[in-house]
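Examination of the molecular architecture
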Amino acid sequence: MLLSFLASPALAAVQTSFTPVQSFSLSGNPLEICQPAQSNRPFSVPGARGAILGQQDGSFELWLLPVKILHNVRLTATLEGYETTINLNDHASQIEVRPDHTTITYSHAAITVKQHMFIPRATESNVATAMVLFEIHAVKPAVVTLQFEPSMERQWPAPNFGRPSASWTSIGTGGIYTLATDNPNFFGMVGMPGSDRGELRPYQERPKTLPLEFHIRYEPGRDDHKFFPLLAAVTGVDGKPELTQTQLRDRLLEAAATVHELYRSTADFYDHFFDTRLTVHTPDKELDEAIQWAEISIEQAKVASAEGSGLAGGWYTSGDSARPGFGWFFGRDTLWTLYAVNSYGDFQLSREAMDFLLAHQRADGKMMHEYSQTAGLVDWAKLPYLYAAADSTPLFVMQMADYVKASGDVGYLQERWDNVKRAYAFTRAHTTHGVYDNSQGTGWVEEWLPKLPHQEIYLAALDQQSCESMAMLAQVMHDESLASSAAQQASVIREYLLRFRSSDGFYSFSRNSDDSFDARHTIFPSVAWWSGLLTLPRADAMFDLWAGPGFATDWGVRSMEQGAETYDPMSYHHGSVWPLYTGWAALAEYRVGRPQAGFASLRQNAALTWLQDPGATTEVLSGEFYQPLGRSSSHQLWSSAMVLSPAVRGLFGIEADVLTNRLRVDPQLPAQWTEASIKNILFGKIRLDLHMKRVASNLEIEVTSQDPIKLCLQRSDDFFRRAPCNAIEASTHHLRIPLPAVEVGLAPQQVQPGVSTELPKLIREEKGDRTLRILLAVPAGEASRVYLRTNSRVAQNLTVKGGQRQQDWILVRGGESGGYSERTVEISW
């Protein structure tokens with residue numbers, strides 16, 4: 001490496017300002033996760049222009065998107081008169097995650113170091129778009145060494161320009177490394193005030209690659225109230241001239257002088273984040289917080305680019321690669337997620353995300369699948385990714401309908417009507433028996449044994465819902481001919497889907513080119529219930545299996561039934577657990593009136609908020625043990641969405657149709673809950689608050705708004721068949737829902753990492769005139785507990801068969817040994 005020291009009149013003017021920052025208070029946002037740091041678990045701090053991805057031992061890589069500028073950051077410390085080097089990463093003791101920042105604390109008997117990480121919202125592209133502040137306290141003078149390896153790698157698949165070389169410029173109390181590449185236009189800078197450089201080998205020495213180092217010299221008293229910021233900048237990402245070294249250095253120094261302001265830009269945004277977004281307040285505080293974290297995680301997936309803002313699929317450390325998890329743009333990931341975004345009311349984000357996808361819609365109407373942050377630096381269209389999957393196209397039509405109903409934004413539909421029509425026309429042009437097929441890309445699975453399917457039920461079910469959505473959108477656009485033909489096509493596909501039903505009552509995974517069926521039991525038919533516009537009849541046997549231990553683990557729903565010939569709990573599609581699938585299953589279970597299974601699935605997704613990457617939800621877990629797969633992106637976009645959509649649309653039963661002044665309100669609360677509240681339900685431009693409470697044998701619901709609003713509250717059946725409704729203009733609206741005489745439920749239980757499935761499953765309820773029969777799968781050993789609630793005086797004198805009643809609980813015992821046993825409990829009154 002070439003050792004150089006630079007000086008200029010411009011530097012002299014800024015030397016005195018490049019000093020450690022006077023410490024300031026970090027946000028006390030009440031949404032917080034604070035837990036012991038686990039060195040084998042990841043963390044992520046992503047944002048619109050930067051990302052800090054690492055492990056909870058404190059090591060990390062830093063991205064100024066789309067460039068990984070450095071990686072393998074590690075810390076050591078030496079104290080005056082204490083003759084040992086302390087590896088601080090071995091002493092990572094606590095991780096504290098708030099929406100605006102993440103802190104890892106290193107705790108040793110002689111020294112404590114806090115590593116505060118955040119993504120500024122108010123900064124220009126590629127300058128200090130990710131920042132780390134180090135706070136040091138020690139009993140003696142100390143030197144903390146920050147060691148890192150320079151990367152200067154553009155995100156996959158852009159080519160790179162060799163291993164960077166480093167030079168050092170002393171400025172003020174610290175200095176800046178300049179990282180040069182084989183392209184003179186593409187270089188970066190990493191600086192820290194209050195530090196000295198480490199070793200830089202002279203050119204004359206034998207070549208040897210060494211990590212770069214900042215030596216932070218700490219004095220007790222003098223430095224106890226200071227932050228030492230790690231600052232980075234990059235220029236020439238496209239390989240063309242952009243900034244000179246002097247210009248980039250000056251911008252980095254400007255950022256150093258405004259660290260507090262840059263942090264406040266992020267803290268203030270998140271301090272007011274929920275002023276305008278949906279929050280819930282229930283007896284289950286963990287669920288309430290999981291819903292908030294899901295909204296935060298989706299916001300943090302928004303990435304700014306020259307082509308607009310889009311949603312990145314997921315984040316994880318890149319290791320030796322240039323792929324930070326799935327930190328680039330995906331069509332179907334975005335579209336599944338926007339159902340959640342519409343649910344919590346960020347319609348601007350929905351428009352921005354759809355606009356990004358539409359910028360890459362093919363001329364024949366097909367929607368994009370995958371678009372790297374460096375796609376513009378290569379011939380992306382010639383690579384096999386842009387239109388690899390087939391499902392984004394029907395999903396886009398479905399999503400547009402959902403957006404228009406929730407927002408009432410007919411203007412956006414008018415603006416994008418040609419895009420919608422072309423997407424719909426594409427699905428109609430690529431069919432088998434008139435139904436969209438896999439000829440234009442993968443449906444859901446990207447690999448399948450023994451071969452890829454010809455027509456997945458996943459795609460066919462989306463096609464049907466896309467046709468229903470198109471009929472609705474065409475009506476809004478006063479295109480009666482298109483509305484009629486789309487509605488007729490939806491009816492045709494609805495009938496066609498019945499052919500997928502096997503003799504055992506389960507709907508097949510796919511139809512083969514020879515018109516035979518792949519009848520393996522999978523979770524993929526569950527998407528048929530997603531929009532509420534389609535149901536597959538005579539599906540009780542399938543729902544029973546989904547709720548039982550063959551599919552339902554204690555942390556989510558397997559993609560394929562345990563014990564199937566091709567079942568593999570470590571595979572991507574043949575038996576692993578995706579929170580995405582769990583969300584599909586949860587909403588389907590709520591749609592068909594199976595709230596016990598629905599709540600179990602929802603609650604399992606919510607619990608993942610605390611499992612791996614605090615505040616985020618992972619991509620995929622083992623089907624056998626409660627543990628994410630090693631390559632699972634720890635901060636996965638649609639996994640977070642699958643906490644929100646089943647909660648809002650399933651548990652609380654809330655969906656809007658602003659164009660007809662109707663709000664679906666059909667909650668299915670757990671038996672243990674007495675009341676719940678939801679704030680900031682966005683109905684068009686009006687914010688609604690909703691409170692529900694059990695009163696005697698009814699659930700009393702009150703919806704309020706600041707100003708009068710014309711509104712009709714409807715339950716599911718009337719809402720989805722668009723039944724006529726007498727909307728009343730008022731600022732308070734009421735709905736009374738009769739409750740069943742008797743309700744039951746399983747209490748959520750904590751699941752420990754590494755365990756196998758061992759909790760009871762409530763598979764089905766059968767309601768009679770004065771009876772309630774419940775079918776359970778009960779593990780061997782200890783008795784399983786079923787909560788019992790009575791809502792009517794006539795239900796006070798209960799008789800319980802198949803279990804032992806103990807006040808508000810029923811105890812149900814499985815076998816003495818072995819696995820699960822089916823048990824039936826009958827309650828009569």
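Described in the following lines is the structure provided in the data block. Quick caveat: nothing in here was measured; it's all calculated off a predicted structure.

Considering the packing of aromatic side chains
How two aromatic rings sit relative to each other is set out by the distance from centre to centre and by the angle between their planes. Across all of its chains, the model carries 54 aromatic pairs by this definition. Taken together, a centroid distance of 4.9 Å and an interplanar angle of 80° make the contact between Phe269 and Tyr270 edge-to-face. Overall, Phe269 belongs to the partly exposed group, its relative accessible area being 22%. With relative accessibility at 7%, the residue Tyr270 sits in the buried group. When the ring of Trp444 is compared with that of Trp638, the centres are 5.2 Å apart and the planes differ by 40°; the resulting orientation is tilted. Of this pair, Trp444 sits in the loop between β25 (435-436) and β26 (455-456) while Trp638 sits in helix α15 (residues 637-651), and the two are 194 residues apart along the sequence. Judged by relative accessible area, Trp444 falls into the buried class, the value being 0%. Residue placement shows Arg154 over the ring face of Phe186; its charged tip is 6.0 Å from the ring centre. Here the basic side chain of Arg785 rests over the ring of Trp809, its NZ or CZ set 4.0 Å away from the ring centre.

Some thoughts on the pattern of salt bridges
As enumerated under the stated definition, the model contains 45 salt bridges in all. Among the ionic pairs, Asp271 bridges to Arg264, the shortest N-O distance being 3.5 Å. Residue Asp271 is classed as partly exposed on the basis of its relative accessible area of 35%. You can call Arg264 partly exposed: its relative accessible area is 24%. Salt-bridge contacts for Asp463 lead to Arg428; the nearest nitrogen and oxygen are separated by 2.8 Å. Residue Asp463 is located in helix α10 (residues 457-476), and its partner Arg428 is located in helix α9 (residues 417-428); the two are separated by 35 residues in the primary sequence. Relative accessible area serves as the criterion here: at 22%, Arg428 is assigned to the partly exposed category. Within this structure, Asp540, Asp544, Arg594, Arg764, Glu766, Arg773 and Glu826 form a network of salt bridges that share partners.

Quick notes on the packing of helix α13 (residues 579-591) against α15
Relative to each other, α13 and α15 sit at 5°, their axes nearing to 8 Å. The angle between α13 and α15 places the two elements in the roughly parallel class. Here Pro579, Leu580, Gly583, Trp584, Ala586, Leu587, Tyr590 and Arg591 of α13 come into contact with α15, specifically with Trp638, Ser639, Met642, Ser645, Pro646, Arg649, Gly650 and Leu651. Among the residues forming the contact of α13 with α15, the class breakdown is 10 nonpolar, 4 polar and 2 charged.

As for the environment of Arg264
You can see Arg264 is positioned in helix α3 (residues 259-271). Taking C-alpha positions, Arg264 is 18 Å from Glu135, a pair spaced 129 residues apart along the chain. Beyond its immediate stretch of four places on either side in the chain, Arg264 contacts Ser25 and Asp271.

With respect to the sheet that holds strand β41 (residues 804-806)
Within the open sheet, the 4 strands sit side by side as β36-β39-β42-β41. Their pairing is antiparallel. With one partner strand each, in any of the chains shown, β36 (742-745) and β41 form the two edges of the open sheet. Mean inter-strand twist for the sheet, computed between neighbouring axes without regard to direction, equals 30°. By the bridge criterion, 4 bridges tie strand β39 (residues 784-790) to strand β42 (residues 809-812) in an arrangement that is antiparallel. Its bridge partner being in β42, Arg785 is matched across the sheet by Leu811.

Description of the state of the cysteines
The final tally for this structure, using the stated rule, is 1 disulfide. The disulfide that involves Cys712 links it to Cys725, with 1.3 Å between the sulfurs. You can see Cys712 sitting in strand β34 (residues 698-714) and its partner Cys725 sitting in the loop between α16 (716-720) and β35 (728-738), a full 13 residues away along the chain. A residue is classified by how much of its surface remains accessible, and Cys712, at 9% relative accessible area, is buried.

Comments concerning unusual backbone geometry
The amide bond that connects Trp156 to the next residue, Pro157, takes the cis arrangement and shows omega of 5°. Following the sequence through the fold, Pro157 ends up in the loop between β12 (142-154) and β13 (165-171). In this model, Leu449 is joined to Pro450 through a cis peptide bond whose omega is 5°. Within the fold, Pro450 resides in the loop between β25 and β26. Despite not being glycine, Arg538 has its phi angle at roughly 50°, a positive value. As for its position among the elements, Arg538 is in the loop between β28 (517-518) and α12 (540-547).

Parameters and conventions
As a convention, each chain's residues are numbered from 1 in the sequence order in which they are written. Reporting of local features is limited, given that this is a predicted model, to residues whose pLDDT is at least 70; pairs of side-chain atoms are given and counted only at 80 or more, and all residues count toward the totals for whole chains, interfaces and linings. Working from all heavy atoms in the structure, the side-chain values ignore hydrogens and water. Here a pair means two rings of Phe, Tyr or Trp (six-membered ring of Trp) with centres within 6.5 Å. Their orientation is stacked below 30 degrees between planes, edge-to-face above 60, and tilted elsewhere. Relative accessible area decides the class of each residue, using a 1.4 Å probe on protein chains only: under 20% of the type maximum gives buried, over 50% gives exposed, and in between gives partly exposed. In this description a helix means any DSSP run of H or I spanning at least four residues, a strand means any run of E spanning at least two, and both kinds are numbered starting from the N terminus. Counted as over-ring charges are cases with an Arg CZ or a Lys NZ within 6 Å of the ring centre that also lie within 35 degrees of the ring normal. A side-chain nitrogen of Lys or Arg and a carboxyl oxygen of Asp or Glu constitute a salt bridge if their distance falls within 4 Å. Axis definition: a line fitted to C-alpha atoms, over the contacting stretch in the case of helices. Angles run 0 to 180 degrees between N-to-C directions. For classification purposes, an angle smaller than 35 degrees is called roughly parallel, one larger than 145 roughly antiparallel, one from 65 to 115 roughly perpendicular, and anything else oblique. Here, residues are in contact when the closest pair of their heavy atoms is within 4.5 Å. Note that Gly is not counted as nonpolar here; it falls among the polar residues with everything else outside the nonpolar set of Ala, Val, Leu, Ile, Met, Phe, Trp, Tyr, Cys and Pro and the charged set of Asp, Glu, Lys and Arg. Paired strands are those between which DSSP finds at least two bridges. Throughout, a disulfide means two cysteine sulfur atoms within 2.5 Å of one another.

Honestly, it's all geometry; don't read function into it.
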